[in-house]
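Structural characterization, general
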Amino acid sequence: MTARGVLQIHSAPPALSPHIEWAVAGIFGVPVKLHWIEQPAAPGSLRAELAWQGRTGTSSEIASSLATWKLLRFEVTEEASPGCDAVRYSCTPTLGMFTAAISANGDIMIGENRLRAVLTLAKAGPGDLLGGLRELHGPRHPALGGSMEAELSLLLGDPWDAELEPFRHASAGAPVRWLHAAG
């Protein structure tokens, strides 16, 4: 199956740009040269975009590879293909990775089990196991947000959107390159 998507590097230190290109080239099996431009939302950093076409699941390979560098802000999207939902990966240095299935109109789709987990976490009290986990790890672990509103906000990726939005606006009108996988 063939899938299409977009990689947006919102901010990267200039020294990482060749490493990012090598990582993406390793996934696609063809040389990759991104058009790097300054990122006004983070002076001293660069940004780039790449529209790609490859096998289904390529977005997860790209996201996994890039997430190893803790200084990057990026998003990878993959359009829906037969038998597969569309997906978006967002990553920031402070929050780590967020993943969401995306509907045809761009809405985030939240599965039944994830919603049930939100209900369980939201009603956990300080004396039970989940409440105790929240008290102990909540400040450091985003999946233990607390209230139902906080948990739903995490499922929707609100903290990632809030952090990435200035970088998205700074990239308006930036050039996009197309890459087609060889195999």
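Whatever comes next refers back to the structure up there.
Read on for a plain summary of the structure. No experiment lies behind these values; they were computed from the predicted model shown.

Describing the overall build of the protein
A count of helical and extended segments in the protein gives six helices and eight strands. Summarising the internal contacts of the protein: among those between residues at least 6 apart in sequence, 61% fall at separations of at least 24. When the accessible surface of the protein is totalled, it reaches about 9,500 Å², and 60% of it is carbon and sulfur.

What about the pattern of salt bridges?
The final tally for this structure, using the stated rule, is eleven salt bridges. Note that Glu21 and Lys33 form a salt bridge whose closest N and O atoms lie 3.9 Å from each other. Of the two residues, Glu21 sits in helix α1 (residues 17-28) while Lys33 sits in the loop between α1 and β2 (37-38), which places them twelve residues apart along the sequence. The exposure class of Glu21 is buried, given its relative accessible area of 8%.

Focus on the pairing of strand β6 (residues 96-102)
A regular strand places its side chains so that they alternate between the two faces of the sheet. Across seven bridges, strand β5 (residues 86-92) lies against β6 in antiparallel orientation. From the neighbouring strand, Cys91 faces β6, where its bridge partner is Met97. Between the end of β5 and the start of β6, which pair antiparallel, lie three residues. Pairing of β6 with strand β7 (residues 108-109), which is carried by two bridges, proceeds in the antiparallel orientation. Bridging across to β7, Ala101 finds its partner in Met109. Turn length for the β6-β7 hairpin, with the two strands adjacent in sequence and antiparallel, is five residues, and the turn residue Gly106 shows positive phi of about 95°.

Structural notes on the nonpolar core
Of all hydrophobic cores here, the largest spans 28 residues; its most connected members are Leu7, Ile20 and Phe74. Of all the secondary-structure elements, those providing two or more residues to this core are β1 (2-12), α1, β3 (46-55), α2 (58-66), β4 (73-78) and β5. If you tally residues by element for this core, the top one is α1, at five residues. Beyond its immediate sequence surroundings of up to four residues, Ile20 is in contact with Ile9, Ala12, Leu34, Trp36, Leu66, Trp69 and Leu72.

Here's the deal with the packing of α1 against α2
Packed helices, taken two at a time, are described by the angle their axes make and the gap between the axes. Between α1 and α2, whose axes approach to 10 Å, the crossing angle comes to 150°. For the element pair α1 / α2, the angle class is roughly antiparallel. Handedness of the crossing formed by α1 with α2: right-handed. In this structure, α1 contributes Ile20, Ala23, Ile27 and Phe28 to the contact, and α2 contributes Thr58, Glu61, Ile62, Ser65 and Leu66. Residue composition of the contact of α1 with α2, grouped by class: six nonpolar, two polar and one charged.

Things to note about the environment of Ala67
Along the chain, Ala67 falls in the loop between α2 and β4. The exposure class assigned to Ala67 is buried, which follows from its relative accessible area of 19%. Measuring from C-alpha to C-alpha, the distance between Ala67 and Gly96 comes to 7.5 Å, with 29 residues separating the pair along the chain. Ignoring sequence-local partners within four residues, the contact set of Ala67 consists of Phe74, Cys91 and Met97.

Reading the values: the criteria
- Residues numbered from 1 in each chain as written.
- Predicted model: local features only at pLDDT ≥ 70, side-chain atom pairs only at ≥ 80, totals over all residues.
- Heavy atoms only, no water.
- Helix = DSSP H or I, 4+ residues; strand = E, 2+ residues; numbered from the N terminus.
- Contact = heavy atoms within 4.5 Å.
- Areas by Shrake-Rupley, 256 points an atom, 1.4 Å probe, with all protein chains shown as cover.
- Salt bridge = Lys/Arg side-chain N within 4 Å of Asp/Glu carboxyl O.
- Buried < 20%, exposed > 50% of the residue type's maximum accessible area, 1.4 Å probe, protein only.
- Pairing = 2+ DSSP bridges.
- Core = buried A, V, L, I, M, F, W, Y, C linked by side-chain atoms within 4.5 Å.
- Axes fitted to C-alpha atoms, helices over the stretch in contact; angles between N-to-C directions.
- Parallel < 35°, antiparallel > 145°, perpendicular 65-115°, else oblique.
- Left-handed = near helix turned anticlockwise from the far one by under 90°.
- Nonpolar A, V, L, I, M, F, W, Y, C, P; charged D, E, K, R; others polar.

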